[in-house]
Amino acid sequence: MLEDTYGHTPVHKAFQQLDVYGIGYDERRANRIPIRLGIIGAGGVAQSKYFPAVARLRMIWEPVEIAAFSEPREEHGRKVQAIYGGQWYADYRTMLAEAKLDGVIILSPDNLHFEHTLASLESGRHVLVEKPITGSLVDAKHICNAADEHHAILMTVANKRYSPPYRRAKQAIESGSIHDPALFVGKFNLGYDYVDLLESGTIHLFDIARYLMGDVVALTAIGVNKYGRNRRKYPIDNAVITLEFASGAVGTIYTSASALNLKPWERVEVYGDHAWLSVEDQHELLIYDSEEGPTKSWRTVIPNTLLFDEEFGGYMGIIENFAQAIRGNDQPLVTGWDGYRAIELLRAVQLSLMSNSRVTLPLSDPHSADHEVKAWLEASGWPGKS
Ligand SMILES: NC(=O)c1ccc[n+]([C@@H]2O[C@H](COP(=O)([O-])OP(=O)(O)OC[C@H]3O[C@@H](n4cnc5c(N)ncnc54)[C@H](O)[C@@H]3O)[C@@H](O)[C@H]2O)c1
């Protein structure tokens, strides 16, 4: 279903058709039913990732448009409308009431995801919501059930699943190159100290761990606030998490919010039987599946002047998958329940950190899990002011 172009113009277009930027007529895409999307929240990630990804999809003939967007900040609203078009609404309720939309993408702050997702589902639209799906397990469950009641598609953003090296890693596991893996190792270096290490950054690795290895049945986490300078006073700036998967495999994630502020940097390794693979910082996949070699590697083979971050970051993939799911042509690669499982892992890590003990999954009482963690965070001074 998903085409693997590895983040650059397909070679046959670039070199055989001399369509260097891959913009030539694509009959297959052009013939698809047009999809009209709305966006709630046209801030940083909307402007830097989603609008460019939709523009790039349109450039390669995918009939999808941002027909409307809502954004309370006038300077954002006017700028985005001038650059990308689409009807700007200051109030999302007016947009949902007036605009003709097939689906809505929720890119508002985390604490508004629940309200915006629910309102969009109740207005009869399909929804793609940024991570974390909601701030609580109880709310996440509520909107997953609401989507079922409204017979609507609910997808959560796990954009890394759509990034070519991770897609290839998944294929290597499914095809048997790394058969029935035994060990997952994930490293995440968030760097920034102004967002939560676990909820804002490591949650991506929680999802990738489930995507590559299947469900987690137990975990143990230890962490420190070594430097104590986290501006929001989150209790942890460095943590190590051990995972036990339903398959019998084990895993570990180590994650840091205190190293370089340059950019998030991640690495994943999966170990099988006389075979293993690594994905280095979402751009290079190495597969070691033969004692005699050679190592198989997938990395960009075309100069980075022809590389499209919109695709490599996974944003074009997730938007096209959302549109194709709305048309009934594809299954969502990531669902609302995957978003629920990602924050369930987050909760389990927090419960393990606060209790110094092993936590089993699935969590039997989401309400008390939310409650216990909130009390622990508040007692630690969260959310502190800078
Ligand atoms: N997938 C990723 O890797 C990734 C990366 C960055 C951010 N995110 C997520 O994307 C979301 C947005 O993050 P951001 O960095 O763009 O934040 P941001 O603050 O830059 O943008 C959010 C926007 O929502 C607007 N907004 C606030 N209230 C609103 C309302 N009631 N209706 C409509 N719009 C409203 C704000 O004015 C702002 O422009 C967050 O949930 C964040 O966690 C995900």
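Residues numbered from 1 in each chain as written. Predicted model: local features only at pLDDT ≥ 70, side-chain atom pairs only at ≥ 80, totals over all residues.

> When you look at the site of the ligand in this model, what are you seeing that I'm missing?
Inspection of the region around the ligand gives 23 residues, with G41, G43, G44, V45 and E130 positioned closest. Sorting elements by how many residues they give to the shell around the ligand places helix 3 (residues 44–59) first, with three residues. For the shell around the ligand, a count of residues per class yields ten nonpolar, eight polar and five charged. (Near = placed C-beta within 6 Å. Helix = DSSP H or I, 4+ residues; strand = E, 2+ residues; numbered from the N terminus. Nonpolar A, V, L, I, M, F, W, Y, C, P; charged D, E, K, R; others polar.)

> What should I look at first to understand the sheet that holds strand 4 (residues 103–106) in this one?
The strands that make up a sheet are held in pairs by hydrogen bonds between backbone atoms, and each pair lies either parallel or antiparallel. Sheet architecture is open: six strands sit in the order 3-2-1-4-5-6, paired in parallel fashion. Lying at the two open borders of the sheet, with one neighbouring strand each, are strand 3 (87–89) and strand 6 (154–156). Mean inter-strand twist for the sheet, computed between neighbouring axes without regard to direction, equals 25 degrees. Note: strand 1 (residues 35–40) against strand 4, four bridges, orientation parallel. By the bridge assignment for strand 4, I40 is matched with I106. (Pairing = 2+ DSSP bridges. Axes fitted to C-alpha atoms, helices over the stretch in contact; angles between N-to-C directions.)

> Teacher, can you tell me more about the packing of helix 7 (residues 137–149) against helix 13 (residues 366–379) here?
When two helices pack together, their arrangement is given by the angle between the helix axes and the distance between those axes. Taken N-terminus to C-terminus, the directions of helix 7 and helix 13 make an angle of 140 degrees; their axes are 8 Å apart at the nearest point. Contacts between helix 7 and helix 13 pair L137, V138 and K141 from the former with P366, H367, A369 and D370 from the latter. Residue composition of the contact of helix 7 with helix 13, grouped by class: four nonpolar, one polar and two charged. (Contact = placed C-beta atoms within 7 Å.)

> Explanation requested: the pairing of strand 1 in the structure shown.
As a general feature of sheets, a regular strand has side chains that alternate between the two faces. Among the six residues in strand 1, five count as buried, and that is most of the element. Here strand 1 runs beside strand 2 (residues 64–70); their pairing, made up of six bridges, is parallel. Counted as the bridge partner of I40 is S70 from strand 2. Remark: the strand 1/helix 3/strand 2 crossover connection has right-handed handedness. (Buried ≥ 20, exposed ≤ 12 C-beta atoms within 10 Å, placed from the backbone. Right-handed = clockwise from strand over helix to strand, strands pointing away.)

In short, the description is geometric, and any link to function would need to be established separately.
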